[in-house]
Amino acid sequence: MRMLKIALIGAGPMGLSMALNLHKTGRAKVVAFCDHSARVLADSLAKFTETTGETPMAFSSYDQLIKNGKYDGVMLALSPETQPKLAVSEMNRGKHVLCQVPVAVTMDDCHALIKAARANDVVFVGAEQAHCWHFFDKWREMAAKGELGHIIFAEGEYLHYEPKWDWFVDKQTGQPVMTDDPSLSQEERYEKSWRHRVFRHPILYLPHTLNPLLTVTGGRITKVSCFGTKEESYTSTGFQVRDLETAMMYNDNDTVFVVKTGFTSPHGFKAGTGAHWYQIKGTKATVEWARSEIDCPKRFDAATKEWTAEDWGVQPISDDPLLKDSGHGGVDMIPILAFLDAIQKGVKPRMDALACVELAAPAIAAAESCEQGGKLIEVPSFR
Ligand SMILES: NC(=O)c1ccc[n+]([C@@H]2O[C@H](COP(=O)([O-])OP(=O)(O)OC[C@H]3O[C@@H](n4cnc5c(N)ncnc54)[C@H](O)[C@@H]3O)[C@@H](O)[C@H]2O)c1
């Protein structure tokens, strides 16, 4: 297998984590880091070199990278507003792309991604990984064996409160500013971060929730309606963001979905999955993840009318030492391996461009529905 050369664009916390995971595989070399914050670039490069002993080239702009960098593909870990533009540009230059998620926050970007992925003989993988948690393997297995019956309902939430988010970027250093102080928006030195902009409609972060559910239910989301609280947080006071958005969705397998997201009000974590929670109701059985840290995963069988506590876990059952400690319960390595397998072995990735836009588009439709007071929106088909 030829060692691949990969450049990282966006060297913040997620980008650095991807670079370290990629290095661990021994199947690819991280040849360049690109970030337009000199401080972030230097800090992340120093940490990468300290851990791996390697020093990739450093670029402070995308233009510089493409002019001087020599590589087979890129890993993108930046704002979901910017990722699709760079992904399209790189695919059109014949480069493979592993893209962080959400892969897009506008319908135009969804269309552009699909167009570029179809026009070029390159690999595109979206870094969704929640579907790799062990209990989702179990739920997919049950669905495939018919043990759930017809799935009539799927629900998920991602309610991730932090007292301080990186609401701003310091224009002088390009570094994120973790704060709970909204008054920084009055100061010339700071600008809103992408999280600040995206949290106006937290439902745009829905793909993390929809992704694992759809791998069990199958089908494509066709219709969406969404409501949210007012555009002013009750807890993170002074921030013009919605504490909660909840979308009702329908797919072409006749399943109803309820999915909610929020980042600015506290709701308590769940055992193993932190801010994420899921349940699926079929005509023969219901499966649900622990609702809190004092609850456990469980299953209800219609035949016996009994609930049973289940020992499903989060960490994938795998002998592969690469997965352990890779992040998010051991699943962060999985998109990276899928990316390498697709390029080096021709294995079709589960999270290809179509799968990714079929997660992003319902979220975009939900945000639009919320703007229009819950109006029903049809989600375009990209098939
Ligand atoms: N899959 C997951 O579980 C998961 C978890 C966390 C974050 N993410 C995703 O990862 C991405 C990055 O998250 P983060 O927390 O590291 O964000 P971040 O904002 O901390 O880091 C992004 C970095 O990209 C740089 N950047 C932005 N635009 C650039 C450009 N045009 N050229 C070069 N550099 C640029 C910024 O300076 C910043 O250092 C986001 O899309 C986020 O949604 C995914």
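Residues numbered from 1 in each chain as written. Predicted model: local features only at pLDDT ≥ 70, side-chain atom pairs only at ≥ 80, totals over all residues.

### With respect to unusual backbone geometry
Put simply, the rule is: A run of DSSP states H or I qualifies as a helix once it reaches four residues; a run of E qualifies as a strand once it reaches two. Both are numbered from the N-terminal end. Exposed residues have 12 or fewer other C-beta atoms within 10 Å of their own C-beta, buried residues have 20 or more, and residues in between are partly exposed; the C-beta atoms are placed from the backbone.
Of note, the amide linkage connecting Val101 to Pro102 takes the cis form, showing an omega dihedral of 0 degrees. The topology assignment puts Pro102 in the loop between strand 5 (96-99) and helix 5 (107-119). You will see that Asp254, though not glycine, has its phi angle at about 65 degrees, which is positive. Relative to the assigned elements, Asp254 resides in the loop between strand 12 (245-251) and strand 13 (256-262). Exposure remark for Asp254: the 11 C-beta atoms within 10 Å place this residue in the exposed category. For His328, which is not glycine, the phi torsion reads 50 degrees and is therefore positive. As for its position among the elements, His328 is in the loop between strand 17 (306-309) and helix 9 (333-345). Classification of His328 by C-beta neighbours within 10 Å gives partly exposed; the count is 18.

### Details of the nonpolar core
Keep this limit in mind: Take the buried Ala, Val, Leu, Ile, Met, Phe, Trp, Tyr and Cys residues, join any whose C-beta atoms are within 7 Å, and the set you get is a nonpolar core. For the domain bounds, the source is a domain assignment made automatically or taken from a database. Any residue pair is listed as a contact if its two C-beta atoms, each placed from the backbone, are within 7 Å.
Formed by 120 residues in total, the largest nonpolar core has its most connected members in Leu8, Ile9, Leu76, Leu113, Val357, Ala360 and Ala366. Considering each element in turn, this core owes the most residues, 13 residues, to helix 10 (residues 353-371). Composition of this core by domain shows at least three residues from each of domain 1 (4-129) and domain 2 (131-316 + 353-378). The residues touching Ala366, leaving out its near neighbours within four places in the chain, are Ile203, Leu206, Val224, Cys226, Glu245 and Ala247.

### Details of the pairing of strand 15 (residues 285-288)
Note the following rule: The pairing criterion for strands is at least two bridges between them, as found by DSSP.
Here strand 14 (residues 276-282) runs beside strand 15; their pairing, made up of 3 bridges, is antiparallel. For Ile280, the partnering residue across the bridge sits in strand 15 and is Val287. Here strand 14 folds back onto strand 15 in antiparallel fashion, the turn holding 2 residues. Note that strand 15 and strand 16 (residues 298-301) share 4 bridges and pair antiparallel. Along strand 16, the bridge assignment pairs Val287 with Arg299.

### Regarding the pairing of strand 1 (residues 4-9)
Applied cut-off: Handedness rule for crossovers: strands pointing away from the viewer, path from the first strand over the helix to the second running clockwise, crossover right-handed.
Most of strand 1 is tucked away, with 5 of its 6 residues classed as buried. Summarising the sheet, strand 1 and strand 2 (residues 28-34) pair through 6 bridges and their orientation is parallel. By the bridge assignment for strand 2, Ile9 is matched with Cys34. For the crossover that starts at strand 1, traverses helix 1 (residues 13-25) and ends in the parallel strand 2, the hand is right-handed. As defined by bridge partners, strand 1 adjoins strand 4 (residues 73-76) across 4 bridges and the pair is classed as parallel. Its bridge partner being in strand 4, Leu8 is matched across the sheet by Met75.

### Things to note about the site of the ligand
The condition is simple: Nearness here is judged by the C-beta atom: place it from the backbone, and if it falls within 6 Å of a molecule or strand, the residue counts as near that partner. Residue polarity follows a fixed list, in which Ala, Val, Leu, Ile, Met, Phe, Trp, Tyr, Cys and Pro are nonpolar, Asp, Glu, Lys and Arg are charged, and the others, Gly among them, are polar.
The environment of the ligand is made up of 26 residues, and the closest members are Gly10, Gly12, Met14, Leu78 and Gln100. It is helix 1 that provides the largest number of residues to the shell around the ligand, a total of 3 residues. Across the shell around the ligand, the residue classes tally to 13 nonpolar, 12 polar and 1 charged.

### Concerning helix 8 (residues 207-217)
Where burial is concerned, most of helix 8 is hidden: 11 out of the 11 residues are buried. Tucked inside the fold, the buried residues of helix 8 contact helix 6 (134-144), strand 7 (151-159), strand 12, strand 13, strand 14 and helix 10. Count one or two residues on from helix 8 and you reach Gly218, which has phi positive near 70 degrees.

### Regarding the sheet that holds strand 5
In plain terms, the rule: Only the stretch in contact is used when fitting a helix axis, every axis being a line fitted to C-alpha atoms; angles between N-to-C directions are given from 0 to 180 degrees.
One open sheet holds the 6 strands; their spatial order is 3-2-1-4-5-6, and the pairing between them is parallel. The sheet is open, and its two edges are formed by strand 3 (57-59) and strand 6 (124-126), each paired on a single side. Within this sheet the neighbouring strands show an average axis-to-axis angle of 20 degrees, counted without direction.

### What to know about the sheet that holds strand 10 (residues 190-192)
With antiparallel pairing, 3 strands are arranged side by side in an open sheet as 9-8-10. Bordering the open sheet on either side are strand 9 (176-179) and strand 10, each of which pairs with just one other strand. Each adjacent strand pair in this sheet contributes to an overall mean axis angle of 45 degrees, direction not counted. Judged from the 4 bridges that link them, strand 8 (residues 165-170) and strand 9 form a sheet pairing that is antiparallel. The residue bridging Asp166 from the neighbouring strand is Met178, located in strand 9.

### Observations concerning the environment of Ala247
Topologically, Ala247 is positioned in strand 12. For Ala247 and Gln186, which are 61 residues apart along the polypeptide, the C-alpha to C-alpha distance reads 33 Å. Not counting the four nearest positions on each side in its chain, Ala247 is found in contact with Ile203, Leu206, Val224, Ser225, Cys226, Val259 and Ala366.

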